[in-house]
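# Descriptive analysis of the structure
Residues per chain, in single letters:
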Amino acid sequence: MKAIVCDKYGSPDVLELKEIKKPFPTENQVLVKVHSASLNFGNIVLLKGKPFLARFAFGLTKPKYSIPGGDIAGTVEAVGENVKLYKVGDEVFGDLSGCGWGGFAEYVTAPEYALALKPTNISFEEAAATPMAGVTALQGLRDKGEIKSGHKVLIYGASGGVGTFAVQIAKSFGAEVTGVCSTRNIEILHSIGADHSIDYTKECFAQHKECYDLVLGVNGSNSISAYKRVLKPNGKFVHVGGSESQLYQTLFLGPFISLTGSKKISSLLQRSNQKDLNDVKELLEVGKVKPIIDKRFKLSEITEAFKYFQEGHAQGKVVITLLQ
């Protein structure tokens, strides 16, 4: 089978398309014929080995997982004898980041707990765009942010992969949503249900008089003090992604701020979770959430896909299409 192989840390140019042996499922695994996959920030970390702390999970000197790719959607080709949830021919999607990665390939094996049945009302590409970003948004808003109906929610980086899911999921909870993005993304933001928008190229969100019950920081390099400034008393800031300096501020200053005042600062470490994936699946099935896809690339165009993605300006998700 064809697969993308990464044997050393570096730029997208180190990625190679190779012919390798097709995997075979163990008694607890499912073999999936991959139709589509997608890129997430975790793919960039796995490629570059940065921030350095990530190497303790991904390999100190070279990638522990030679085939990148977390999000997939495809068809079950074979099942191990102990698999109970799926049968040959089932259409599935899932996040493989917690069980060895390997999604940028024509076939991949995965434990059944990493997958869910694909909603019938969306395409394989849309399904592949969902797992990691959708679950991250859900965990950040619901679990860390404790979102409630009527909450005023600010989402910084609202037009990217996680951000577009976060806007829609926040609206499904009955929140009033303000999204922060650049000028060219304002239209997309309102098309997916955002009540208000702030163009960061023209104004700073921290200078607004409006305060929020919950702020989700998906991207950017803002200081923690800027986010704290726009929180209501008892408001929560949840860091999902962004610059390394922002991450370290959240990790080291966040606990102190949270202990010395009513405003809470925390960071989310997303973990793949079948229950949460099924919760997102339900939102997809009833039409409350729709994946936003920016660009599609072939498996042979993986280098170009990574280069485009790491520029940080994708409107929604970047998808790798293996089967039409």
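In what follows, the accompanying structure is described. (Residues numbered from 1 in each chain as written. Predicted model: local features only at pLDDT ≥ 70, side-chain atom pairs only at ≥ 80, totals over all residues. Heavy atoms only, no water.)

Now for the side chain of N185. Assignment of secondary structure puts N185 in the loop between β9 (176-181) and α6 (186-191). One polar contact links N185 to Q315, side chain to side chain, over a distance of 2.6 Å. Residue contacts for N185: discarding those within four places in its chain leaves S159 and Q315. (Helix = DSSP H or I, 4+ residues; strand = E, 2+ residues; numbered from the N terminus. Polar contact = N/O pair within 3.5 Å; in protein donor to acceptor, adjacent residues only side chain to side chain. Contact = heavy atoms within 4.5 Å.)

A word on the pairing of strand β15 (residues 317-321). By the criterion of burial, β15 is predominantly enclosed, with five of the five residues buried. Side chains K317, V319 and T321 of β15 all project onto a buried face; the interleaved residues V318 and I320 project onto the opposite face, where all are buried too. Two elements, strand β3 (residues 29-38) and β15, share three bridges in a ladder whose sense is antiparallel. By the bridge assignment for β15, S38 is matched with V319. Remark: the strand β14 (residues 293-298)/helix α10 (residues 302-310)/β15 crossover connection has right-handed handedness. (Buried < 20%, exposed > 50% of the residue type's maximum accessible area, 1.4 Å probe, protein only. Pairing = 2+ DSSP bridges. Right-handed = clockwise from strand over helix to strand, strands pointing away.)

In the structure shown here, the tally under the stated rule is seven aromatic pairs. Ring geometry for Y156 against Y227: centres 6.2 Å apart, planes inclined by 90°, an arrangement best described as edge-to-face. Taken as a pair, Y156 in strand β8 (residues 152-156) and Y227 in helix α7 (residues 224-229) lie far apart in primary sequence, 71 residues in all. Y227 matches Y156 in its accessibility class, with the two residues each being buried. The residue whose ring lies beneath K295 is Y308, and the NZ or CZ to ring-centre distance is 4.4 Å. (Phe/Tyr/Trp six-rings, centres within 6.5 Å; stacked < 30°, edge-to-face > 60°. Lys NZ or Arg CZ within 6 Å of the ring centre and 35° of its normal.)

Attention now moves to the nonpolar core. Core analysis: the biggest nonpolar cluster contains 40 residues, and L141, I155, V167, I169 and L216 have the highest contact counts within it. Secondary structure elements with two or more residues in this core: α3 (124-128), α4 (131-144), β8, α5 (161-172), β9, β11 (212-217) and α9 (274-285). Top contributing element to this core by residue count: α5, with six residues. Excluding its chain neighbours within four sequence positions, the residues that come into contact with V167 are I155, A158, V177, L189, I192, G193 and A194. Of all hydrophobic cores here, the second largest spans 19 residues; its members include V14, L39, L299 and F309. (Core = buried A, V, L, I, M, F, W, Y, C linked by side-chain atoms within 4.5 Å.)

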